[in-house]
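# Working through the structure, step by step
The lines below spell out each chain.
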Amino acid sequence: MNQRGTNRVKRGMAEMQKGGVIMDVVNAEQARIAEAAGATAVMALERVPSDIRRDGGVARMADPLITEEVMNAVSIPVMAKARIGHIVEARVLEAMGVDYIDESEVLTPADEEFHLLKDTYTVPFVCGCRNLGEAARRIGEGASMLRTKGEPGTGNIVEAVRHLRQVNAEVRKVVTLSDDELMTEARNLGASYEFLKEVKRLGRLPVVNFAAGGIATPADAALMMELGADGVFVGSGIFKSENPERFARAIVEATTHYQDYKLIAELSKDLGTAMKGLEISTIASGDRMQERGW
Amino acid sequence: MQGAVREHVQSIETCGAEAVLVKWPRDLEGLDALILPGGESTTMRRLIDRYSLMEPLHEFAASGKPMFGTCAGLILLAGKVVGYDESHLGVMDVIVERNSFGRQADSFEAPLSIKGLDGPFEAVFIRAPHIVSTGPGVEILCEHEGKIVMARSGPFLGCSFHPELTSDHRITEYFIAMLNSNAENQTSAAMF
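What you are looking at is a predicted structure, and each value in this text was computed from that prediction instead of being measured. (Residues numbered from 1 in each chain as written. Chains lettered and ligands numbered in written order. Predicted model: local features only at pLDDT ≥ 70, side-chain atom pairs only at ≥ 80, totals over all residues. Heavy atoms only, no water.)

### Let's talk about the overall build of chain A
Each helix and strand counted, chain A has 13 helices and nine strands in total. Here the C-alpha radius of gyration of chain A, 18 Å, is about what a compact globule of 294 residues would show, namely 19 Å. By principal-axis analysis of the C-alpha atoms, chain A measures approximately 55 × 45 × 45 Å. The buried share of chain A, taken over its 294 residues, is 61%. Pairs at least 24 apart in sequence give 65% of the contacts found in chain A among residues at least 6 apart. Here chain A displays about 11,300 Å² of accessible surface, and carbon together with sulfur accounts for 49% of that area. Looking at chain A, you have 36 positive and 43 negative side-chain charges, and the mean spots of the two groups are 3 Å apart. (Helix = DSSP H or I, 4+ residues; strand = E, 2+ residues; numbered from the N terminus. Rg over C-alpha atoms; globule rule 2.2 N^0.38 Å. Buried < 20%, exposed > 50% of the residue type's maximum accessible area, 1.4 Å probe, protein only. Contact = heavy atoms within 4.5 Å. Areas by Shrake-Rupley, 256 points an atom, 1.4 Å probe, with all protein chains shown as cover. Lys, Arg positive; Asp, Glu negative; His and termini not counted. Charge placed at Lys NZ, Arg CZ, Asp CG, Glu CD.)

### Focus: the environment of G235 of chain A
Residues and elements named next belong to chain A. With respect to the helices, strands and loops of the structure, G235 is situated in the loop between β9 (232–234) and α11 (236–239). The exposure class assigned to G235 is buried, which follows from its relative accessible area of 19%. Separated by 83 residues in sequence, G235 and P152 have C-alpha atoms that sit 7.4 Å apart.

### Some remarks on the packing of helix α2 (residues 28–37) of chain A against helix α4 (residues 64–73) of chain A
Residues and elements named next belong to chain A. Orientation of α2 relative to α4, taken along the N-to-C sense of each, is 35°, at an axis distance of 8 Å. Seen along the crossing, α2 lies across α4 with a hand that is right-handed. The residues of α4 that touch α2, namely those facing A28, A31, R32 and E35, are E69, V70 and A73. A per-class count over the contact of α2 with α4 returns four nonpolar, no polar and three charged. (Axes fitted to C-alpha atoms, helices over the stretch in contact; angles between N-to-C directions. Left-handed = near helix turned anticlockwise from the far one by under 90°. Nonpolar A, V, L, I, M, F, W, Y, C, P; charged D, E, K, R; others polar.)

### Looking at the interface of chain A and chain B
Contact residues are listed per partner, giving 43 residues for chain A and 39 residues for chain B. When chain A packs against chain B, the two sides together hide about 3,300 Å² of surface, and 48% of this comes from carbon and sulfur. Of all residues in chain A, N2, R8 and M16 of chain A give up the largest surface area on contact with chain B, accounting jointly for 21% of the area buried on that side. Applying the counting criterion to the chain A and chain B interface returns seven salt bridges. When contributions to the side of chain A that touches chain B are tallied by element, the ones reaching two or more residues are β1 (3–4), α1 (7–15), α2, α12 (244–256) and α13 (261–268) of chain A. For the side of chain A that touches chain B, the element with the most residues is α1 of chain A, which contributes six residues. (Buried area = accessible area lost by both parts, 1.4 Å probe. Salt bridge = Lys/Arg side-chain N within 4 Å of Asp/Glu carboxyl O.)

### Topic: α4 of chain A
Residues and elements named next belong to chain A. Those residues of α4 that fall on the buried side of the exposure criterion are I66, T67, V70, M71 and A73. Along the axis of α4, the buried positions cluster into a sector of 165°, meaning they face one direction only. Every exposed residue of α4 that faces more than 90 degrees away from the buried side is listed here: L65 and N72. Those residues of α4 that are buried are in contact with β2 (21–25), α2, β3 (41–44), β4 (78–83) and α5 (87–96). Here α4 starts with a cap whose side-chain oxygen sits 2.8 Å from the backbone nitrogen of L65, and that cap is D63. (Arc of directions from axis to C-beta. Polar contact = N/O pair within 3.5 Å; in protein donor to acceptor, adjacent residues only side chain to side chain.)

### Examining the pattern of salt bridges
Summed over all chains, the structure comprises 31 salt bridges over all chains. Between E266 of chain A and K269 of chain A there is a salt bridge, with the nearest N and O atoms lying 2.7 Å from each other. Among the residues examined, E266 of chain A registers a relative accessible area of 48% and is labelled partly exposed. Accessibility expressed as a relative area gives 48% for K269 of chain A, which makes it partly exposed. Here D168 of chain B makes a salt bridge to R170 of chain B, at a shortest N to O gap of 2.8 Å. Taking the relative accessible area as the measure of exposure, R170 of chain B reaches 21% and is therefore partly exposed. Connected via shared salt-bridge partners are R47, D51, R54, D55 and K240 of chain A.

### A short note on the sheet that holds strand β6 (residues 121–125) of chain B
With antiparallel pairing, three strands are arranged side by side in an open sheet as β1(A)-β5(B)-β6(B). The open sheet is flanked by β1 of chain A together with β6 of chain B, the only strands paired with a single partner. The pairing of strand β5 (residues 108–112) of chain B with β6 of chain B spans five bridges and is antiparallel. Looking at the pairing, L112 of chain B lines up with F121 of chain B of β6 of chain B. (Pairing = 2+ DSSP bridges.)

### What about empty space enclosed by the protein?
Residues and elements named next belong to chain B. Counted by the stated rule, this structure contains three cavities of 30 Å³ or more. Counted by class, the lining of the largest cavity contains seven nonpolar, eight polar and five charged residues. Its boundaries defined by the atoms lining it, the second largest cavity holds a volume of some 130 Å³. If you trace the second largest cavity, you find 13 residues lining it, with G39, E40, C71, N99 and R127 closest to the centre. Per-class residue counts for the lining of the second largest cavity are seven nonpolar, three polar and three charged. (1 Å grid on protein atoms, 1.4 Å probe; cavity = no way out; pocket = protein on both sides within 12 Å on 5 of 7 lines; lining within 4 Å. Points joined across faces, edges and corners; volume = space filled by probe spheres on them.)

### A closer look at the confidence of the model for chain B
Per-chain confidence: chain B averages 93 in pLDDT, with 94% of residues scoring 70 or above. As a predicted assembly, this complex carries a pTM of 0.95 together with an ipTM value of 0.92. (pLDDT = per-residue confidence, 0-100.)

### Comments concerning the nonpolar core
Of all hydrophobic cores here, the largest spans 85 residues; its most connected members are M23 and M224 of chain A together with M67 of chain B. Here this core takes six residues from α12 of chain A, the largest share from any one element. Apart from residues no more than four positions distant in its own chain, M67 of chain B is found in contact with L34, L36, L57, F60, A61, L77, L89, P155, F156, L157 and F175 of chain B. Listed in part, the 31 residues of the second largest apolar core include F108, C159, F175 and L179 of chain B. (Core = buried A, V, L, I, M, F, W, Y, C linked by side-chain atoms within 4.5 Å.)

### Section: the side chain of R130 of chain A
Residues and elements named next belong to chain A. Looking at the element boundaries, R130 is found in the loop between β6 (125–129) and α6 (132–141). Classification of R130 as buried rests on a relative accessible area of 19%. Here Q290 takes part through its backbone oxygen, which lies 3.4 Å from a polar atom of the side chain of R130. Contact partners of R130, with chain neighbours within four places excluded, come to K149, H163, Q166, V167, Q290, E291 and G293.

Below is the structure:
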């Protein structure tokens, strides 16, 4: 008897992505470049985060034609973004057969109070988090993979670093707590007691955790691996750089060999200009994507 | 290099063998056996080419040391991949088809009856390949719904599913037993 959509099948798919780079693409040509460069998956969307930031307005699920074109162009898994809480966008993506859905703060939230109940889908979900409480709530709803939130579309790594350190520090703390201290920690974090017991037993999150938001160079990707990410999402960093093919290849290799600094030096030579960056303090707090979701 | 490396390491260590991570050709020196884990075969192939691992891997295979590929690893071992002109390592006399059970929505788990193992093995299939046909001398160890999902050819073992995602270590034990029957006094297994 074949069982589909089980936790093992959904979380297992993310395990296969570990050590890899998932790249944002907006058409079939970019998807093929990403695959040839060694991406472990692509994220199909209509505009990369830096364009969403520039253009403003409401950012929604991509035109299904784009997603379908990307699915037909590559043999690696295809992920796609749905708005936070947008049940129908998620069901549409599931019906189209995408391999993973990102319930993403990069798009304009459809619901400011409730996230999707991801347990009820066969397709697995990845969600963003800034701390262990947010991670716990998303996993509680059924997310099979996490990514620590950076500030998307900025080419500035500082927020991704902050949140990955935050999550990891909170995991380490939970591991050191005695059982009778866990309930209070659960209340403080807004996480379930059972979840914290599992984190304590495993010594890590129970699902794969990638870093995302602001990764613009091979060294940025290696930094996130150094800090304990299982892999990286690169959004605008590749196709907004001067030489996407070379950036894509270099970021893949720097992610694999993240502690080989001579190699990262070689990979980073003469790559051309990285995407233009944004200083976070210049972004009004209402425009910070990381603050979407809770 | 990429994929479910941590899980294979845990399984190898649970079985009492030593695990070594392989990213560079030099990492293969002194190893007795090699596991090619699940992950993305296109990514792994690109890194194999980029870091000149193809020739050392062929030499490793030619030396008769056991190699075990799970999912993407099976695709790397196969002599032919349906729809592609060239194989990757091409050392195991089987033809495989990628993603042949469908996309992620069709990924599944199911109990399998595997030759040589007592009792069912709970197997996790993720965008899995299957073995379309086998050459002479290849032993079919398991079929599921009419598709070959596990086979052995001399020192090469391959399966479509991910034994590393479960806490059942019998397949890793089976592989380590292949190593021990291959030559006495060899105890370390390796990870790719």
